Amino acid sequence: MSDSARRGFAAWPLYPFLFAIHPVASLLLGNVAKVPLSEIVGPLLLIEGVVLVVLLIARAVTGSWLRAAMYCFLIVILMLYFQRFENGLKSVFGAEITDMIAIMSWLALWGLVTGLIGRSKSDFRVATMALNAAAILFLIVPVSIIGYFNFQFLANRDAAIAAVNRPVPVLNKPTSGKLPDIWYLVPDRYARGDVLKAQYAFDNSAFLDDLTRAGFQVLDQSAANYQRTGHSVSSTLNLDYLDAISAVTGPQSMDWVILYRLLADFKVWRALKPLGYAYSHFGSWWTPTAYNALADHNINWKVVPTFQRFLWGHSLPGRIAGAAGWRAMDDRRIQCERIAYKFDKLRELAAQKTAPKFVFAHLLMPHPPFVLRADGSCLSLEQARSRSRRDNYIDQVRYTNDQLRRLIAVIQAQSEREAIIIVQADEGPWPQRFAGDELTLGLDTNPIEWGDLSDAELREKMAILHAIYLPANDRPLLPATSTPVNTFRLIFRRWFGADLPALADENHIYLDDQHVYDFRRVTERLRE
């Protein structure tokens, strides 16, 4: 490097901005197959904007850009690198390091270093040059890997999506001229009755009998077409299996964003919209279904995108807020409140006289985290830890049953038009030996080899609650083994005259997170 270049490199303190990027890049790197680049733009702009403001304030106080940059850098490290310090402490000293001990140790160390910098007589030219170079080197690996994967993904992502959600079927209005309301309710990870009895020692027959008395067909041998929400619901809402994706991407693809885009733009709504339906989307805390830009109404409660939630949760302000019990950082309580809020709003919507409704409600119940008692009261983390996994899960099943009973009663009693009601889980609970942290929001899964599941574990994961209420004047008898991929094909064929013959009812698993479109048929294993 020439002297002039070296002087320039030392004169421009870029490193506070570059070091501020790394926590974002690092988190993205660990989720590169699941987080589109568009999701990091907002957090990055916010962080870099704050860094700029801090730098300008420090410059006004110190009178030196280089010294100001050093103070700014220390604040970046303080705020955004705490998680790494805590992980290091716990790796050395173990679990006895509490959050508060880690926070106080980090603040003490930061104060010591900041005091040393404050007393330094250096002009910081050498430090600036060294930190600029270190920051660039620090970013090269994660940015290069992120760029490589996104280049691979973007090459065929749009084609893979279009292979599934196009063409959109053409629907005709029923000959009666009356459009039924369509309620698609997805109680996530709700296991089938026989699985609840065998794996959780819980007899769910009272609820299933209530559904039958209300006119539902309970498909007591049904199983999900795929073992995870992204695959399962994408397949249901796009009326087909997902083989067309692997035909475009190849079986080696690990690009989950294809599925997430299919949850946002799907055939079912594209087909219903021209008939005058209004789409009400009841979102979850899970980003792919939290909000739908195509919906006429989005209903949710205090949702922070998953990537941002983890990013802020790893920062020092986020950890301090959590340790102090700040309600805005209490994800468990917010989830408890969210579920009750959504069921309240669903009942309100059922009572409203509006245009024909298409309602998609992704209900993350009885899905972890375990935050509710059967009566709907919120469980603290300590209370949930003191109970068995079985009791936590079954309490959330009981709560979901009660809320679904109440909602169905309102729909059937007050809807101004006939209603089609689909109560259909997308997957079952994770077998215990593979489950993650089921008490913390978003940490309940682990990467596993799905082919390693025993037959009993596979049934636990894929045998689902599946019940459908169809208008009484045209109620075909459904096979007990009917699967979700045929749900809307049946509705569109029988009520809207669409040319959508029934598909074979099959069940598939993808192999692992590196091959999310490499499918294996498991139908026979589930029916044995």
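Rules and cut-offs
- Residues numbered from 1 in each chain as written.
- Predicted model: local features only at pLDDT ≥ 70, side-chain atom pairs only at ≥ 80, totals over all residues.
- Heavy atoms only, no water.
- Helix = DSSP H or I, 4+ residues; strand = E, 2+ residues; numbered from the N terminus.
- Axes fitted to C-alpha atoms, helices over the stretch in contact; angles between N-to-C directions.
- Parallel < 35°, antiparallel > 145°, perpendicular 65-115°, else oblique.
- Left-handed = near helix turned anticlockwise from the far one by under 90°.
- Contact = heavy atoms within 4.5 Å.
- Nonpolar A, V, L, I, M, F, W, Y, C, P; charged D, E, K, R; others polar.
- Core = buried A, V, L, I, M, F, W, Y, C linked by side-chain atoms within 4.5 Å.
- Buried < 20%, exposed > 50% of the residue type's maximum accessible area, 1.4 Å probe, protein only.
- Pairing = 2+ DSSP bridges.
- Expected span 1.5 Å × (residues − 1).
- Polar contact = N/O pair within 3.5 Å; in protein donor to acceptor, adjacent residues only side chain to side chain.
- Phe/Tyr/Trp six-rings, centres within 6.5 Å; stacked < 30°, edge-to-face > 60°.
- Lys NZ or Arg CZ within 6 Å of the ring centre and 35° of its normal.
- Salt bridge = Lys/Arg side-chain N within 4 Å of Asp/Glu carboxyl O.
- Lys, Arg positive; Asp, Glu negative; His and termini not counted.
- Disulfide = S-S within 2.5 Å.

Caption draft 1: Focus on the environment of Ala 68. With respect to the element layout, Ala 68 can be found in helix α4 (residues 65-80). As a C-alpha pair, Ala 68 and Phe 124 span 56 residues in sequence and 9.9 Å in three-dimensional space.

Caption draft 2: Structural view of the packing of helix α6 (residues 99-119) against helix α16 (residues 316-323). Where α6 meets α16, the axes come as close as 10 Å, and the angle between the chain directions of the two elements is 140 degrees. Taken together, the axis directions place α6 and α16 in an arrangement best described as oblique. The element α6 and its partner α16 pack so that their crossing is left-handed. Judged by residue contacts, Asp 99, Met 100, Ile 103, Trp 106 and Leu 107 of α6 engage Leu 316, Arg 319, Ile 320 and Ala 323 from α16. Among the residues forming the contact of α6 with α16, the class breakdown is seven nonpolar, no polar and two charged.

Caption draft 3: Fine view of the nonpolar core. Ile 182, Leu 272, Phe 358, Phe 488, Phe 492 and Phe 496 are the most contacted members of the largest nonpolar core, which has 70 residues in total. Broken down by element, this core gets its largest block of residues, six residues, from helix α21 (residues 487-496). Setting aside residues no more than four positions away along its own chain, Phe 358 makes contact with Ile 182, Tyr 184, Phe 266, Val 268, Trp 269, Leu 272, Tyr 277, Ala 278, Tyr 279, Ser 280 and Phe 488.

Caption draft 4: Main features of the sheet that holds strand β4 (residues 297-299). A sheet is described by the order of its strands in space; here seven strands give the open sequence β2-β7-β6-β1-β5-β3-β4, paired in mixed fashion. At either margin of the open sheet sits one strand with a lone partner, and together these are β2 (216-218) and β4. Ignoring which end each strand starts from, the neighbouring axes of this sheet average 10 degrees apart. When strand β3 (residues 278-282) meets β4, the two strands line up parallel, connected through three bridges. Looking at the pairing, Phe 282 lines up with Ile 299 of β4.

Caption draft 5: Representation of α4. If you check α4, its first and last C-alpha atoms are 22 Å apart, about what 16 residues at 1.5 Å a residue would give, namely 22 Å. Burial within α4 is extensive, with 12 of its 16 residues counted as buried. Among the residues of α4, those classed as buried are Leu 66, Arg 67, Ala 68, Ala 69, Met 70, Cys 72, Phe 73, Leu 74, Val 76, Ile 77, Leu 78 and Leu 80. Where α4 starts, the residue carrying a side-chain oxygen 3.4 Å from the main-chain nitrogen of Leu 66 turns out to be Ser 64.

Caption draft 6: Looking closely at the packing of aromatic side chains. The tally for this structure, following the rule as stated, stands at 31 aromatic pairs. In this structure an aromatic cluster arises from ring pairing among Tyr 184, Phe 266, Trp 269, Tyr 277, Tyr 279, Phe 358, Phe 360, Phe 488, Phe 492 and Phe 496. The lysine or arginine in question, Lys 34, covers the ring of Trp 256, its NZ or CZ lying 4.7 Å from the ring centre.

Caption draft 7: Spotlight on the pattern of salt bridges. With the rule as written, the count across this model stands at 27 salt bridges. One salt bridge connects Asp 255 with Arg 157, and the closest N-O pair in it is separated by 2.9 Å. On the criterion of sequence distance, the pair formed by Asp 255 in the loop between α11 (243-249) and α12 (257-264) and Arg 157 in helix α7 (residues 125-165) is long-range, its members being 98 residues apart. For Arg 525, the salt bridge is made with Asp 455, and the minimal N-O distance between the two is 2.7 Å. With a gap of 70 residues between them, Arg 525 in helix α22 (residues 523-527) and Asp 455 in helix α20 (residues 455-462) connect regions that are remote in the sequence.

Caption draft 8: Structural context of the side chain of Arg 228. Here Arg 228 lies in the loop between β2 and α10 (229-237). No salt bridge is formed by the buried Arg 228; its nearest oppositely charged neighbour, Glu 427, is found at 4.4 Å. Residues in contact with Arg 228, not counting those within four places in the same chain, are Trp 256, Glu 427, Trp 430, Thr 445, Trp 450 and Tyr 510.

Caption draft 9: Examining the state of the cysteines more closely. Counting across every chain of the model gives one disulfide. Through a disulfide, Cys 336 is tied to Cys 378; the S-S separation comes to 2.0 Å. Disulfide Cys 336-Cys 378: torsion about the S-S bond near -95 degrees, hence left-handed. One end of the pair, Cys 336, is in helix α17 (residues 331-351); the other, Cys 378, is in the loop between β5 (357-363) and α18 (381-385), and 42 residues separate them in sequence. The buried category is assigned to Cys 336, whose relative accessible area is 4%.

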